[in-house]
Amino acid sequence: QVQLVESGGGLVQAGGSLRLSCAASGRTFSSYVMGWFRQAPGKERDWVATIRESGTFYADSVKGRFTISRDNAENTVYLQMNSLKPEDTAVYYCAADRGIWPGRHSYEYTYWGQGTQVTVFS
């Protein structure tokens, strides 16, 4: 069982930056594939980024602007978001599971955080 708690969301002007954090419970955090997803009002939950042993992977819409990373000693995964745009406005969720591939679909993940709101204004 894994519990995830996101933090770091907020209100930011376009072009600005935010860093989201997702703290995970459990002693086997390093073995989990971690993903970030986002959901805007009235839209489906979209994949943003994944980190796994083989590397990091990004949706085209955030590639070059967002960076996913993890600190296994702190049981935390991060999403550094730079050059933010109004279309990045959404509730951001982190997710975790083991043994999944490719980790780009919400249905692959068992464990989810409660979400953190990111609002980008122009």
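Note that the structure is a prediction, hence the values are computed from the model and not measured.

1. Considering the environment of V91
Part 1 of the reasoning: Here V91 lies in strand β9 (residues 90-97).
Part 2 of the reasoning: With 23 residues separating them in the primary sequence, V91 and Q114 have C-alpha atoms 9.3 Å apart.
Part 3 of the reasoning: Contact partners of V91, with chain neighbours within four places excluded, come to F37, R38, Q39, G115, T116 and Q117.

2. A few points about the packing of aromatic side chains
Part 1 of the reasoning: In this structure the tally under the stated criterion is five aromatic pairs.
Part 2 of the reasoning: With a centroid separation of 6.4 Å and 80° between ring planes, the pair formed by Y93 and W112 is classed as edge-to-face. With Y93 in strand β9 and W112 in strand β10 (residues 111-112), this residue pair connects regions lying 19 residues apart in the sequence.
Part 3 of the reasoning: For Y93, a relative accessible area of 14% puts it in the buried group.
Part 4 of the reasoning: Residue classification places W112 among the partly exposed positions, given a relative accessible area of 26%.
Part 5 of the reasoning: Ring geometry for Y109 and W112: centres 6.1 Å apart, planes at 70°, overall edge-to-face.
Part 6 of the reasoning: Classification of Y109 as buried rests on a relative accessible area of 5%.

3. Section: the pattern of salt bridges
Part 1 of the reasoning: The final tally for this structure, using the stated rule, is three salt bridges.
Part 2 of the reasoning: Linking D88 and R38 is a salt bridge whose minimum nitrogen-to-oxygen distance equals 2.8 Å. You can see D88 sitting in the loop between β8 (76-81) and β9 and its partner R38 sitting in strand β4 (residues 33-39), a full 50 residues away along the chain. In this pair, the class of D88 matches that of R38, namely buried.

4. Focus: the environment of G115
Part 1 of the reasoning: Structurally, G115 is set in the loop between β10 and β11 (116-121).
Part 2 of the reasoning: The exposure class assigned to G115 is buried, which follows from its relative accessible area of 15%.
Part 3 of the reasoning: C-alpha separation for the pair G115 and S61, spaced 54 residues apart in sequence, amounts to 20 Å.
Part 4 of the reasoning: When near neighbours in sequence (up to four residues on either side) are disregarded, G115 contacts E6, V91, Y92 and Y93.

5. Let's talk about the state of the cysteines
Part 1 of the reasoning: Here the structure, examined in full by the defined rule, presents one disulfide.
Part 2 of the reasoning: With its sulfur 1.9 Å from that of its partner, C22 forms a disulfide with C94. Between C22 and C94, the S-S dihedral sits near 50°, and the bridge is therefore right-handed. Taken together, the residues span a long stretch of sequence, with C22 in strand β3 (residues 18-24) and C94 in strand β9 at a distance of 72 residues. The residues C22 and C94 share a single accessibility class, namely buried.

What counts as what
Residues numbered from 1 in each chain as written. Predicted model: local features only at pLDDT ≥ 70, side-chain atom pairs only at ≥ 80, totals over all residues. Heavy atoms only, no water. Helix = DSSP H or I, 4+ residues; strand = E, 2+ residues; numbered from the N terminus. Contact = heavy atoms within 4.5 Å. Phe/Tyr/Trp six-rings, centres within 6.5 Å; stacked < 30°, edge-to-face > 60°. Buried < 20%, exposed > 50% of the residue type's maximum accessible area, 1.4 Å probe, protein only. Salt bridge = Lys/Arg side-chain N within 4 Å of Asp/Glu carboxyl O. Disulfide = S-S within 2.5 Å.

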